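Chain by chain, the residues:
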Amino acid sequence: MKKILFIIGSLRKASFNREVSELVKNMLKGKAEVTELDYSSVPLINQDIEYPAPQAVAEMRRVVADADGVWIFSPEYNYSYPGHVKNIIDWLSRPVDPACRTAPTVLAGKKFTITGAGGKGATAACRKQLTTLLTALKADVMVEGQTGIALNLEAWTEGRMILTETQKSQLAQQAGRFLNYMEA
Ligand SMILES: Cc1cc2nc3c(=O)[nH]c(=O)nc-3n(C[C@H](O)[C@H](O)[C@H](O)COP(=O)(O)O)c2cc1C
């Protein structure tokens, strides 16, 4: 079975993006092995502490390297991705060995797919910028079939997310497409 690493781009306990990821995890049951990246101990990027890599960073690189694919579920913050998502990517974008700056990073060639739940724009700006960033860092982003979710009114007023059948079906299609993408 393919290994998929989930990155949840929200730190909020009641995150809707996390809720979406849980639904997708169920959809992938028996089809892929899903784990979630714990980045709670990853420090803010700082070149003073870059080498040797902090233990949490080394561990994060290990789990990313070990995954066949990475699925990011992210909210949109001010028409972009949250700063903590950028922090993860900044760490992953750096050479593992400072003496060998041309060696591929753990992002190079790694398959990615992106989903986002947010406001009326359905996280389109966030997903577009994330795609551009990851592609520039030589990751292999599945551009087609991303799912953007414009949250229902009750999500904002009562904290209750209700996905439509169309949104659920888009997520299932994205899962199927990503399983195929990882085979290529
Ligand atoms: C700093 C900040 C900026 C935000 N900017 C946007 C935005 O540009 N577009 C959008 O759709 N939602 C925006 N939101 C709202 C979040 O998308 C919304 O709260 C969403 O539920 C957060 O995802 P989560 O439930 O997974 O934490 C913003 C929220 C914060 C905290």
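Bear in mind the structure is a predicted one, so any value in this text is a computation, not a measurement.

On to the site of the ligand, then. Taken together, 14 residues sit near the ligand, with Ser-10, Arg-12, Ser-15, Asn-78 and Gly-119 positioned nearest. Arg-12 has a polar side-chain atom sitting 2.7 Å from an oxygen atom of the ligand. Within the contact set of the ligand, an oxygen atom lies 2.9 Å away from a backbone nitrogen or oxygen of Tyr-79. A breakdown of the residues in the shell around the ligand according to their chemical character gives six nonpolar, six polar and two charged.

Grouped together as the largest cluster of nonpolar side chains are 27 residues, with contacts concentrated most on Met-60, Phe-112, Leu-130 and Leu-134. Mapped onto this core, the elements with two or more residues apiece are strand S1 (2-8), helix H2 (55-66), strand S3 (69-73), helix H3 (83-92), strand S4 (111-118) and helix H4 (124-136). A per-element tally of this core places H3 first, with five residues. Residues Phe-16, Ala-32, Trp-71 and Met-142 belong to the second largest nonpolar core, which totals 23 residues.

All right, on to the pattern of salt bridges then. For the coordinates displayed, the defined rule picks out eight salt bridges. For the salt bridge of Arg-18 with Glu-36, the shortest nitrogen-to-oxygen distance reads 2.8 Å. Placement of the pair is Arg-18 in helix H1 (residues 16-27) and Glu-36 in strand S2 (residues 32-36), with a sequence separation of 18 residues. Its relative accessible area of 42% is what places Glu-36 among the partly exposed residues.

With 13 residues, H4 ought to run about 18 Å at 1.5 Å a step, and its terminal C-alpha atoms sit 18 Å apart, in line with that. Tucked into the core, H4 has its buried residues touching S3, H3, S4, strand S5 (140-141) and strand S6 (147-150). One or two steps after H4, the chain reaches Lys-138, where phi turns positive at roughly 75°.

A few words on the packing of aromatic side chains. Enumeration over the complete set of coordinates arrives at four aromatic pairs. Relative to Phe-73, the ring of Trp-71 lies with its centre 5.2 Å away and its plane at 5°, an arrangement referred to as stacked. Exposure class is identical for Trp-71 and Phe-73. Each is buried. Over the face of the ring belonging to Phe-16 we find Arg-12, whose NZ or CZ atom lies 5.0 Å from the ring centre.

Our next topic: the side chain of Ser-74. Structurally, Ser-74 is set in the loop between S3 and H3. With sequence-adjacent residues up to four places away left out, Ser-74 is seen in contact with Gly-9, Asn-17, Pro-82, Val-85, Thr-115, Gly-116, Ala-117, Thr-123 and Cys-126.

The UniProt record marks residues 3-148 with the feature "domain: NADPH-dependent FMN reductase-like" (unreviewed entry), using the residue numbering of this structure. Along residues 3-148, the helical share is 32% and the strand share 19%, with 23 Å between the first and last C-alpha atoms.

Thresholds, definitions, all that
Residues numbered from 1 in each chain as written. Predicted model: local features only at pLDDT ≥ 70, side-chain atom pairs only at ≥ 80, totals over all residues. Heavy atoms only, no water. Near = heavy atom within 4 Å. Polar contact = N/O pair within 3.5 Å; in protein donor to acceptor, adjacent residues only side chain to side chain. Nonpolar A, V, L, I, M, F, W, Y, C, P; charged D, E, K, R; others polar. Core = buried A, V, L, I, M, F, W, Y, C linked by side-chain atoms within 4.5 Å. Buried < 20%, exposed > 50% of the residue type's maximum accessible area, 1.4 Å probe, protein only. Helix = DSSP H or I, 4+ residues; strand = E, 2+ residues; numbered from the N terminus. Salt bridge = Lys/Arg side-chain N within 4 Å of Asp/Glu carboxyl O. Expected span 1.5 Å × (residues − 1). Contact = heavy atoms within 4.5 Å. Phe/Tyr/Trp six-rings, centres within 6.5 Å; stacked < 30°, edge-to-face > 60°. Lys NZ or Arg CZ within 6 Å of the ring centre and 35° of its normal. UniProt positions renumbered as here; feature names shortened; annotations may be inferred.

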